[in-house]
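# A structural walkthrough
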Amino acid sequence: MSSRSCPDGPYTNDPDAEGAQVGRRIDPCPSRRHLPVTTSPLHIAVVGGGIGGLAAALAAARSGHRVTVVERAAQFGEIGAGLQLAPNASLALEELGVLDVVQRSAVSPPQLVMMDALTGAQVTALDLRSDAYRSRFKHPYLVTHRTDLHGALLAACDDHPSITLRTGRTVTDAVQTPAEVRLHFAETPERLTADAVVAADGLHSRLRQILVNDGSPVCSKYVAFRGALPVSSMTGSMAQHATTESVIVWAGPRMHLVQYPVRRGELYNQVAVFESDSYDPDSDDWGTEAELEERFTGACDAVRDALPLVARDRRWPLFDRLPITDWVHGRIVLLGDAAHPMLQYLAQGACQATLEDAVALGRALREHGRPEQAFASYAASRAERAASIQTNARRFGEICHLDGMGAVLRNQLLSGRVAEDFDDVAWVWTPAGDRRPATTP
């Protein structure tokens, strides 16, 4: 049995060892690049083992610090279907050292295409393989399965000698002193003591509730049904759409459908989104399958053909929050959805809510000796950009879901664009500090 000493007790790879905390450890990859820390190493606790928490843990460890990740679930995992990774996300993955692994299963779509969900006509497109794209953005636009991205980050954390992963730990409180933070858990009287804490515990963050106390997330009254199905099981027009490998958004009045392939093109991801007329904040009986069918009744044949193949096993109400500026609370900082949850309409949830945050946090921890200073620097570099994308995601959702003359004018305006014109999205796809001059007309 192998064991090692940790700040909060011995860890072992043997789960049956008496009094042991289970750790996950394998020898680090010798080729992995670990960035040196310029100050004394800290012990950082990361609350949340999703994409954001693992990315933050990896960034902090690669900056030279020791990290303990605590996850409430019995095992690390991710639910959901596909997600889009714009070039700013690919850049972040490269800086975290996992881009190559993610690309092995991800798909690089040739185009982003917006279609009219009622008429079936193309509205506009962006050419992701054009010279204009390659000269403007140095990293690929990818689509991947959420579990594949999470798995890549989990493997990298498992592989890092300075990261300890713990499951079955639901944080109930965080007590700060001038020198440390103590985390309390629901499952055990054990306490975890760390120099600093990163709250990456998601949309319904317990730590945000304790520190900010700004109420519940804001429900948009929209709901999503989503899932991925094997491409080999598809026929007819659906199979033809899958072979294009493009990201297709069918925009309609108070509804839309998104389609794209994931996992080396073996699966086809579909997300059907609509606004519910029966929303009730005190009930879970809204946004039903019957409403889904009703909302898409007037859609074109291609959308109607796709709808029966959209997964129905779970519905996902869509939430966000208004931006806040107080991410930092002494030795505790908010990250990802705990700091700035956003609607998905700019396809920046994973990019902003996890990856850009994590990279910025890692840089700040490398440059500042005290966690309070590092956290303040991280928040200062991220808050304005995250807030802008939060608010603009709402606006783009409104544009996407226009009806009547509003939809006609939207289509006329967007149809005049050329596929090599990235000026409208460049600010989203380019992290702060990495701006490039416009090259499109």
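Residues numbered from 1 in each chain as written. Predicted model: local features only at pLDDT ≥ 70, side-chain atom pairs only at ≥ 80, totals over all residues. Heavy atoms only, no water.

## Details of the overall build of the protein chain
Within the protein chain, the secondary structure is distributed over 13 helices and 21 strands. Burial statistics for the protein chain: of 441 residues in total, 53% are counted as buried. Taking the contacts inside the protein chain whose residues are at least 6 apart along the sequence as the reference set, 71% of them involve residues at least 24 apart. (Helix = DSSP H or I, 4+ residues; strand = E, 2+ residues; numbered from the N terminus. Buried < 20%, exposed > 50% of the residue type's maximum accessible area, 1.4 Å probe, protein only. Contact = heavy atoms within 4.5 Å.)

## Digging into the sheet that holds strand β20 (residues 328-329)
A sheet is described by the order of its strands in space; here 6 strands give the open sequence β10-β5-β4-β14-β21-β20, paired in mixed fashion. Only two strands of the sheet have a single neighbouring strand rather than two, namely β10 (163-166) and β20. Where strand β14 (residues 196-199) and strand β21 (residues 332-334) come together, 3 bridges link them in parallel fashion. Bridge pairing in β21 links Ala-199 to Leu-334. (Pairing = 2+ DSSP bridges.)

## Notes on helix α2 (residues 87-95)
For α2, the tally of buried residues reaches 7 of 9 residues, placing the bulk of the element in the interior. Three or more residues of α2 are buried, namely Pro-87, Asn-88, Ala-89, Ser-90, Leu-91, Ala-92 and Leu-93. Phi turns positive one or two residues past the end of α2, at Gly-97, with a value near 85°.

## Some words on the sheet that holds strand β8 (residues 122-127)
Within the open sheet, the 7 strands sit side by side as β8-β7-β16-β17-β18-β15-β19. Their pairing is mixed. Strands with a single pairing partner mark the edges of an open sheet, and in this sheet they are β8 and β19 (315-320). Across the sheet, the mean angle from the axis of one strand to that of its neighbour is 20°, orientation sign disregarded. Across 5 bridges, strand β7 (residues 111-116) lies against β8 in antiparallel orientation. Each residue of the ladder has a partner; that of Met-114, found in β8, is Thr-124. (Axes fitted to C-alpha atoms, helices over the stretch in contact; angles between N-to-C directions.)

## Observations concerning the nonpolar core
In this structure, Leu-85, Leu-183 and Trp-429 are the most contacted members of the largest nonpolar core, which totals 103 residues. In this view, Trp-429 contacts Ala-86, Pro-87, Asn-88, Leu-112, Leu-126, Leu-128, Tyr-133, Phe-137, Tyr-141, Gln-348 and Phe-422; residues no more than four positions away in its chain are not counted. If you look at the next biggest cluster of nonpolar residues, it comprises 28 residues, including Met-115, Ala-272, Phe-274 and Ala-299. (Core = buried A, V, L, I, M, F, W, Y, C linked by side-chain atoms within 4.5 Å.)

## Overview of the environment of Arg-394
With respect to the helices, strands and loops of the structure, Arg-394 is situated in helix α11 (residues 371-400). In the structure, Arg-394 is positioned 50 residues away from Gln-344 in sequence and 8.6 Å away in space, judged by C-alpha atoms. For Arg-394, the contacting residues outside a window of four places in its chain are Val-218, Asp-320, Arg-321, Leu-322 and Leu-343.

## Digging into the packing of aromatic side chains
Per the counting criterion, the structure on display carries 11 aromatic pairs. Between the aromatic rings of Trp-327 and Tyr-378, the centroid separation amounts to 5.7 Å while the plane-to-plane angle is 50°, which identifies the pairing as tilted. Placement of the pair is Trp-327 in the loop between β19 and β20 and Tyr-378 in helix α11, with a sequence separation of 51 residues. Tyr-378 gets classed as buried once you look at its relative accessible area, which sits at 0%. Taken together through their ring pairs, the aromatic side chains of Tyr-133, Phe-137, Tyr-141, Phe-422 and Trp-429 make up a single cluster. A cation over a ring is seen here: Arg-226 above Trp-316, with NZ or CZ 4.0 Å from the ring centre. (Phe/Tyr/Trp six-rings, centres within 6.5 Å; stacked < 30°, edge-to-face > 60°. Lys NZ or Arg CZ within 6 Å of the ring centre and 35° of its normal.)

## Here we look at helix α5 (residues 146-159)
Taking 1.5 Å per residue as the helical rise, α5 with its 14 residues ought to reach 20 Å, and the 20 Å between its terminal C-alpha atoms agrees with that figure. Burial analysis of α5 places 11 of its 14 residues in the buried class, which makes it a mostly covered element. For α5, the secondary structure elements touched by its buried residues are α1 (51-62), β6 (82-85), α2, α3 (99-105), β9 (142-145) and β10. (Expected span 1.5 Å × (residues − 1).)

## Some thoughts on a nonpolar patch on the surface
A surface patch of nonpolar side chains, amounting to about 290 Å² of accessible area, comprises Met-405, Val-408 and Leu-409. With respect to the helices and strands, Val-408 occurs in helix α12 (residues 404-415). Looking at Val-408, the relative accessible area reads 37%, which means it is partly exposed. (Patch = residues over 30% accessible without salt bridge, like charges linked within 9 Å, V, L, I, M, F, W, Y side chains within 5 Å. Areas by Shrake-Rupley, 256 points an atom, 1.4 Å probe, with all protein chains shown as cover. Salt bridge = Lys/Arg side-chain N within 4 Å of Asp/Glu carboxyl O.)

## Some words on the pattern of salt bridges
Here the idea is simple: oppositely charged side chains can pair when their charged atoms come close. The tally for this structure, following the rule as stated, stands at 25 salt bridges. Arg-182 is paired through a salt bridge with Glu-180; the nearest N and O atoms lie 3.3 Å apart. By relative accessible area, which is 28% here, Arg-182 ends up partly exposed. With its nearest N and O atoms 2.4 Å apart, the salt bridge here joins Asp-277 to Arg-254. Remark: Arg-254 occurs in the loop between β16 (247-252) and β17 (255-262) and Asp-277 occurs in the loop between β18 (267-275) and α8 (289-295); sequence separation between them is 23 residues. Residue Arg-254 is classed as partly exposed on the basis of its relative accessible area of 28%. Within this structure, Arg-254, Glu-275, Asp-277 and Arg-295 form a network of salt bridges that share partners.

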